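Here is what each chain is made of, one letter per residue.
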Amino acid sequence: MENGPELLMKDAEQALGPALELYAQGYAPAAAFLWRCGRIKKLADKIDAFLGEDRAVLYAGLQSESPKLRQNSARLISYIGKEQDLAPLMDALNKEETRFVRPAMLLSIGAVGGERAKEFLQSYKVAPAASPEEQPHVKEEQYALSTALKSFLTFEKHTFTKLPQAYEIELK
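All figures in this text were calculated on a predicted structure; none of them were measured in a lab. (Residues numbered from 1 in each chain as written. Predicted model: local features only at pLDDT ≥ 70, side-chain atom pairs only at ≥ 80, totals over all residues. Heavy atoms only, no water.)

Caption draft 1: Inspection of the overall build of the protein chain at higher detail. Helix and strand content of the protein chain: ten helices and zero strands. Each helix and strand of the protein chain, ordered N terminal to C terminal, gives the series α-α-α-α-α-α-α-α-α-α. Against the globule reference of 16 Å for 172 residues, the protein chain gives a C-alpha radius of gyration of 20 Å, more extended than a compact globule. Out of the 172 residues in the protein chain, the part that is buried amounts to 38%. Here the contacts in the protein chain between residues at least 6 apart in sequence split such that 67% fall between residues at least 24 apart. Accessible surface computed for the protein chain: about 10,900 Å², of which carbon and sulfur atoms make up 55%. (Helix = DSSP H or I, 4+ residues; strand = E, 2+ residues; numbered from the N terminus. Rg over C-alpha atoms; globule rule 2.2 N^0.38 Å. Buried < 20%, exposed > 50% of the residue type's maximum accessible area, 1.4 Å probe, protein only. Contact = heavy atoms within 4.5 Å. Areas by Shrake-Rupley, 256 points an atom, 1.4 Å probe, with all protein chains shown as cover.)

This is how it looks when you write it as structure tokens:
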């Protein structure tokens, strides 16, 4: 079943302006809608323009009392992030106490990229679970860290060559 942000995606362009205003007021569902919009270049550009150079609204979202708003603000950075977002994002992650928020922050740091992000992620340590209930969140955080680190892998380009002779193959 689709939730509110998913339903709004059908009319994303019309809903973007009001969603940006609600996000600026600290409304977490608006942030959920905006990070989904961030996947669409045209909408991501509009979000980026709204945030401006100082990006104060975005950074306020990372520091909000609402875990969902912090999580969705980090997800938004995954799509519209700039190098200037790394310091506030890394600071927010270092202060984050809510386990389910950390994976989004780790993935966003990886998405922004750069040498600072790589060094930060390589030195980041996932804290052990304080209770058995935290264990699934620890696993999610570990997975997010490994996924974020994979964004820095480079692969040699392979040149494909043809087989020395033609073969006939029958697939059954």
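Caption draft 2: Broad picture of helix α9 (residues 115-123). Looking only at α9, the buried set comprises Ala117, Phe120 and Leu121. Relative to the axis of α9, the buried residues are bounded by an arc of 95 degrees and lie together on one face. Considering only its buried residues, α9 is in contact with α7 (86-95), α8 (102-112) and α10 (135-150). (Arc of directions from axis to C-beta.)

Caption draft 3: Focus on helix α4 (residues 41-51). Here α4 has its buried residues at Leu43, Ala44, Ile47, Asp48 and Leu51. Projected onto a plane normal to the axis of α4, the buried residues spread over an arc of 140 degrees and lie on a single side. Looking at the buried positions of α4, the neighbouring elements they touch are α2 (12-24), α3 (28-37), α5 (56-62) and α6 (67-80).

Caption draft 4: Summary view of the packing of α6 against α8. Running from amino to carboxyl end, α6 crosses α8 at an angle of 15 degrees, the nearest separation of the two axes being 8 Å. In this view, α6 runs roughly parallel relative to α8, as classed from their interaxial angle. Every pair of crossing elements has a handedness; the one defined by α6 and α8 is left-handed. Touching Arg70, Gln71, Ala74, Arg75, Ile77 and Ser78 of α6 are Ala104, Met105, Leu107, Ser108, Ala111 and Val112, all from α8. Grouping the amino acids of the contact of α6 with α8 by side-chain chemistry returns seven nonpolar, three polar and two charged. (Axes fitted to C-alpha atoms, helices over the stretch in contact; angles between N-to-C directions. Parallel < 35°, antiparallel > 145°, perpendicular 65-115°, else oblique. Left-handed = near helix turned anticlockwise from the far one by under 90°. Nonpolar A, V, L, I, M, F, W, Y, C, P; charged D, E, K, R; others polar.)

Caption draft 5: Structural detail: the nonpolar core. Of all hydrophobic cores here, the largest spans 45 residues; its most connected members are Tyr23, Leu34, Ile47 and Ile109. At eight residues, the largest contribution of residues to this core is made by α3. Beyond its immediate chain neighbours, meaning those up to four positions away, Ile47 contacts Leu16, Leu20, Leu34, Cys37, Gly38, Leu76 and Ile80. (Core = buried A, V, L, I, M, F, W, Y, C linked by side-chain atoms within 4.5 Å.)

Caption draft 6: Spatial organisation of the packing of α8 against α10. Put simply, α8 and α10 touch, their axes get as near as 8 Å, and they point 5 degrees apart. With respect to α10, the element α8 is oriented roughly parallel. Between α8 and α10, the contacting residues are Arg102, Pro103, Leu106, Leu107 and Gly110 on the first element and Glu140, Glu141, Ala144, Leu145, Thr147 and Ala148 on the second. Its residues assigned to classes, the contact of α8 with α10 shows six nonpolar, two polar and three charged.

Caption draft 7: Focus on the side chain of Arg99. Among the secondary structure elements, Arg99 is positioned in the loop between α7 and α8. On the accessibility criterion, Arg99 (8% relative accessible area) is buried. Of the polar contacts made by the side chain of Arg99, one reaches the side chain of Glu134; its length is 3.3 Å. Residues within four places of Arg99 in sequence aside, it is in contact with Val126, Ala127, Pro128, Ala129, Glu134, His137, Val138 and Glu141. (Polar contact = N/O pair within 3.5 Å; in protein donor to acceptor, adjacent residues only side chain to side chain.)

Caption draft 8: Quick look at unusual backbone geometry. Positive phi, normally seen in glycine, also occurs at Arg55, with a value near 55 degrees. Its place among the elements puts Arg55 in the loop between α4 and α5.

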